[in-house]
Amino acid sequence: MAGSGTAHMRNSVDSVLTVRDLTVEFKISKDKVVKAVSGLSFDVVKGETLAVVGESGCGKTTLARAILQLPPPNSGEVIFNGTDLTSLPKENLRSARTSMQMIFQDPISSLDPRMTVQQLIDEPLEIWGRGTREERNERINTLLNNVGLEPELVLNRRSYEFSGGQCQRISIARALALDPRMLICDEPVSALDVSIQAQILNLLQDMKDQFGLTMVFISHDLAVVKAVSDRVMVMYLGKICEIATPEALYSKPAHHYTKALLDSVPIADPTRQKITELLQGEPPSPMNPPSGCRFRTRCHAATARCAEHEPQLQEVSPGQFVACHHPIV
Amino acid sequence: MSSLLSIKNLGVNFDTPRGSLEAVRGVDIEIPAGTSVGVVGESGSGKTVMCRAAMGLLQGSNVQRTGTVVFDGNELTAMTKEQVRDLFGSGMAMIFQDPMTALNPVRRIGSQISEGLRVRLGMSKKDALVRSKELLELVRIPNPTAVLKSFPYQLSGGMRQRVMIAIAIACNPKLLFADEPTTALDVTVQAQILQLLRELREDLKMSMVLVTHDLGVVAGNTDYVAVMYAGEVVEYAPTTKLFADMRMPYTEALLESIPKIDHKSGTRLSVIAGRLPNPTDRGVGCGFAPRCKYAQEKCHTQHPELQKDPDGHLYRCWFPIGEAL
Ligand SMILES: Nc1ncnc2c1ncn2[C@@H]1O[C@H](COP(=O)(O)OP(=O)(O)OP(=O)(O)O)[C@@H](O)[C@H]1O
Ligand SMILES: Nc1ncnc2c1ncn2[C@@H]1O[C@H](COP(=O)(O)OP(=O)(O)O)[C@@H](O)[C@H]1O
Ligand code: SF4
Ligand code: SF4
Ligand SMILES: [Mg+2]
Ligand SMILES: [Mg+2]
């Protein structure tokens, strides 16, 4: 298998999303191909939040879009609720997408400025014929209340009249309109102010509990990820480095890249500044990823083996899987 | 300790169609030579405007600036645009969040770094290029010869920020203003840039004003912190003092609301409800009163005056933390 292993797959009957050997490549010229996501496999079980972390360009957004078939991946399977979305005809795909909704990083530009809040939330309900006009209006009111907005104050206003945090609330209300089973959030709080971030993270958590949602939560912020996730997947140049519970991953990272990421996070306490060896350089181009372990050009523990053989995910402690020839013990 | 930058009762108002917008008011801070001062606060709290005013910029026709700013013996507030411009380079320099907007997209890096050296230091084209290469080495750019010949779009965000730093330090400034210099970068690259700035400050004996919304960045990279809220510096103290013994309820709320890497996973975050007051209508009373868990009657009706502890710790609050009611 070309991927980075499957030891971490749980093959559970409760699996809501199972991704197998997913590959996405972008041809950017005659002889140049960006390998954005390379042979990724993972599963998400009901009610779980899987966080995906990694630096910009490692393929997080590409992965999210490939799950939604926007565009479909070059190869691999995306099994959602028992159906492989990659082999679904267009019409069925549209209806499958209603139960899998996405929340984007830039809340303001992801809402159509010509539409009122009322129209924005009504749109999916109307398209899918969910109830009469009156029933839909009632539903819109409930949704706005759920996300902490006062319906009378917001219904007739447009996105540009709201702050980023309010727009993200509107996006969440819209995403919840069709009762999805799964939310895919791509950096949902990265564009928001610190004091607003906490409000939106708590709201997502409440919505998840209230509606039994399953979530894929993409972020580059390790502290945010720790607050919201049940399982964390660390990516580097289109591959999985490590996948584990937040408890294990943050307290004893086994992959050298995970450790480097954690060591780079600034600590808001002047008395607890750590002096650590910084990761040198920046990730190489995904057009020409290193052989073997893709992290080897920046890894201080790399050996000849790392250049020759691609490491496969293996379990190093219960529930903690790492793709490294020389994991940290 | 002598002050490198002394800001007294600084205020900035913008005339807007919706009336006068009070972006900064009543800022009083002293920045000692050789230190690094952090400026933190929510988006719109006035960090950038305060820094621009402190640099003597912001002289447009729709701007009213009050108060005084003295930099290294020069009263910037009494100087013309041209006089202020002459202070740039060897006096003050700045870097921003997005280096792409500050770099010229169609000119090679070498010519962009050389420009300041030729204009300000009167270097020949050849000498300026040699010095540009040294500057790129100083900011730890691998393969500087190739980078001199490249265009901004060919560089990563981290490399572009290094180039901006090279341009900023070219004439050995005494004070560097860095406005969110690492916000757009990945954590591992952010850590590299912050380390570079620490080393350069030490080597070049340069002071720094570091604007950031990240209290973690402040904790590890500054000697003093100014916390801004609704256009005011509401707390100013040595960094260790601020974290150990903060007096402002707003600072406390801000620190509590950020997710922390050493928190137990799944813990609910504490939230600052509401948002910044409208800058065209600041109202009476404390701007934080509607969001403050310690607010009393007086907070809604009287604007808190600047208080000073014997150790110089400044804050604007009627009922500071750690004081019996
Ligand atoms: N040229 C201008 N004309 C009118 N209003 C302005 C101007 N520049 C800034 N403002 C206003 O002044 C206030 C303070 O803005 P400032 O850019 O200093 O905030 P900031 O703290 O730097 O925020 P951020 O974290 O988003 O950079 C805001 O209300 C802003 O909209
Ligand atoms: N439409 C596209 N065409 C070409 N390359 C792309 C396209 N979309 C993404 N990429 C490239 O694929 C890689 C992964 O990108 P992305 O998924 O956006 O990363 P992330 O979300 O982790 O920051 C990057 O190198 C990016 O430049
Ligand atoms: S496989 Fe080798 S190069 Fe990759 S992380 Fe492990 S030790 Fe480093
Ligand atoms: S003055 Fe009152 S409202 Fe303002 S911060 Fe202090 S206690 Fe809170
Ligand atoms: Mg992305
Ligand atoms: Mg700013």
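Positions within a chain are numbered from 1, following the residues in the order the chain's sequence is written. For this description, chains carry letters from A and ligands carry numbers from 1, given in the order in which they are written. Under the rules for a predicted model, residues below a pLDDT of 70 receive no local features and side-chain atom pairs below 80 are neither given nor counted, while totals for whole chains, interfaces and linings still include all residues. Only hydrogens and water are removed before side-chain values are computed, so all heavy atoms of the structure are retained for them.

## Looking at the overall build of chain A
Segments assigned H or I by DSSP are reported as helices when at least four residues long, segments assigned E as strands when at least two residues long, and all are numbered from the N terminus. For chain A, the count of helices and strands is 11 helices and 12 strands. Throughout, the radius of gyration refers to the C-alpha atoms, and the reference size of a globule is 2.2 Å times the residue count to the power 0.38. By the compact-globule yardstick of 20 Å for 329 residues, chain A fits well, its C-alpha radius of gyration being 21 Å. Overall size of chain A, expressed as C-alpha extent along the three principal axes, is 65 × 55 × 40 Å. Each residue gets one of three labels from its accessible area relative to the maximum for its type: buried under 20%, exposed over 50%, partly exposed in between, using a 1.4 Å probe on protein chains only. Counting all 329 residues of chain A, 56% fall into the buried class. A contact between two residues is defined here by any heavy atoms of the two lying within 4.5 Å. The contacts in chain A between residues at least 6 apart in sequence include a share of 66% that link residues at least 24 apart. Exposure was quantified through the Shrake-Rupley algorithm and a 1.4 Å probe, taking into account, for residues, occlusion by the shown protein chains and nothing else. With an accessible surface of roughly 14,000 Å², chain A has 50% of that area assigned to carbon and sulfur atoms. None of His or the chain ends enter the tally, which takes Lys and Arg as positive and Asp and Glu as negative. Positions of charges follow a simple convention, taking NZ of Lys, CZ of Arg, CG of Asp or CD of Glu. Considering chain A, the positive charge centre built from 34 side chains and the negative charge centre built from 38 side chains are found 5 Å apart.

## Some thoughts on the packing of aromatic side chains
Between 30 and 60 degrees the pair is tilted, below 30 it is stacked and above 60 it is edge-to-face, where a pair is any two Phe, Tyr or Trp rings, Trp via its six-membered ring, whose centres lie within 6.5 Å. Taken as a whole and judged by the stated rule, the model has eight aromatic pairs over all chains. An angle of 75° between the planes, with centres 5.3 Å apart, marks the rings of Tyr229(B) and Phe288(B) as edge-to-face. One end of the pair, Tyr229(B), is in strand β9 (residues 224-229); the other, Phe288(B), is in the loop between α11 (249-257) and α12 (297-301), and 59 residues separate them in sequence. Phe288(B) carries the same exposure label as Tyr229(B), and that label is buried. One aromatic cluster is present, built from ring pairs that chain together Tyr236(A), Tyr257(A) and Phe295(A).

## Focus on the sheet that holds strand β5 (residues 74-75) of chain B
All names here are of chain B. Note on pairing: two strands pair once DSSP finds at least 2 bridges between them. Taken in spatial order, the four strands of this open sheet run β2-β1-β4-β5, and their pairing is antiparallel. Each edge of the sheet is formed by a strand with only one pairing partner; in this case those strands are β2 (19-32) and β5. Note: strand β4 (residues 63-71) against β5, two bridges, orientation antiparallel. Looking at the pairing, Phe-71 lines up with Asn-74 of β5.

## Quick notes on the site of ligand 2
Residue and element names in this part refer to chain A. For this purpose, a residue is taken to be near a molecule or strand whenever a single non-hydrogen atom of the residue falls within 4 Å of it. Neighbouring residues of ligand 2: 13 residues in total, closest Gly-57, Gly-59, Lys-60, Thr-61 and Thr-62. Here Lys-60 contributes a backbone N or O atom positioned 2.7 Å from an oxygen atom of ligand 2. Two N or O atoms form a polar contact when they lie within 3.5 Å of each other; inside protein one atom must be a possible hydrogen donor and the other a possible acceptor, and for residues adjacent in sequence the pair counts only when both atoms belong to side chains. In this structure, an oxygen atom belonging to ligand 2 sits 2.4 Å away from a side-chain N or O atom of Thr-62. Contact with the protein chains covers 62% of the free accessible surface of ligand 2, which is 560 Å². Looking at the shell around ligand 2, the elements that each hand over two or more residues are β1 (15-29), β2 (32-45) and α1 (60-67). A per-element tally of the shell around ligand 2 places α1 first, with three residues. Here the shell around ligand 2 is built from residues that sort into six nonpolar, five polar and two charged. Residue classes follow a fixed rule: Ala, Val, Leu, Ile, Met, Phe, Trp, Tyr, Cys and Pro count as nonpolar, while Asp, Glu, Lys and Arg count as charged, and any other residue, Gly among them, counts as polar.

## So, the interface of chain B and chain A
With 44 residues of chain B at the interface, the matching set in chain A holds 41 residues. A quick way to say it: buried area is the sum, across both parts, of accessible area lost when two parts are put together, with a 1.4 Å probe. Carbon and sulfur atoms make up 58% of the surface buried where chain B meets chain A, a total of about 3,400 Å² over both sides. For the chain B face of the interface with chain A, the top three residues by lost area are Val187(B), Thr188(B) and Ile261(B), together amounting to 19%. When a carboxyl oxygen of Asp or Glu lies within 4 Å of a side-chain nitrogen of Lys or Arg, that pair is called a salt bridge. As a salt-bridge pair, Asp262(B) and Arg272(A) come within 2.9 Å of each other at their nearest N and O atoms. On the surface where chain B and chain A come into contact, there are 15 residue pairs in polar contact (both at pLDDT 80 or more). Considering each element in turn, the side of chain B that touches chain A owes the most residues, seven residues, to helix α8 (residues 187-204) of chain B. A per-class count over the side of chain B that touches chain A returns 17 nonpolar, 19 polar and eight charged.

## Considering a nonpolar patch on the surface
Here a patch means residues that are over 30% exposed by relative accessible area and free of salt bridges, tied together within 9 Å if like-charged and within 5 Å if nonpolar (Val, Leu, Ile, Met, Phe, Trp, Tyr). A cluster of nonpolar side chains, Phe26(A), Ile28(A) and Met287(A), forms an exposed patch at the surface whose accessible area comes to about 260 Å². Overall, Ile28(A) belongs to the exposed group, its relative accessible area being 51%.

## Side note on the site of ligand 1
Residues and elements named next belong to chain B. Taken together, the residues surrounding ligand 1 are Phe-14, Leu-21, Ala-23, Glu-42, Ser-43, Gly-44, Ser-45, Gly-46, Lys-47, Thr-48, Val-49 and Pro-279. Within the backbone of Gly-46, a nitrogen or oxygen atom sits 2.9 Å from an oxygen atom of ligand 1. Between ligand 1 and Lys-47, the relevant distance is 2.7 Å, taken from an oxygen atom to a side-chain nitrogen or oxygen of the residue. Across the complex, the protein chains shield 63% of the 640 Å² of accessible surface that ligand 1 would expose by itself. Contributing elements (two or more residues each) for the shell around ligand 1: β2 and α1 (47-54).

## A closer look at the domain arrangement of chain A
Residues and elements named next belong to chain A. For the domains described, the bounds stem from an automatic or database domain assignment. Looking at the assigned domains, one finds that chain A contains domain 1 (15-99 + 178-322) and domain 2 (114-177). Inter-centroid distance (C-alpha atoms) of domain 1 to domain 2 is 30 Å. Between domain 1 and domain 2, the contact holds 18 residues from the first and 16 residues from the second. Together, the buried faces of domain 1 and domain 2 total about 1,400 Å²; carbon and sulfur atoms form 68% of this surface. At the junction of domain 1 with domain 2, the criterion picks out one salt bridge. As a salt-bridge pair, Asp-179 and Arg-139 come within 3.7 Å of each other at their nearest N and O atoms. Where domain 1 meets domain 2, there are six residue pairs in polar contact (both at pLDDT 80 or more). Of all the secondary structure elements, the ones that give two or more residues to the side of domain 1 that touches domain 2 are α2 (90-98) and α7 (194-211). A per-element tally of the side of domain 1 that touches domain 2 places α7 first, with eight residues.

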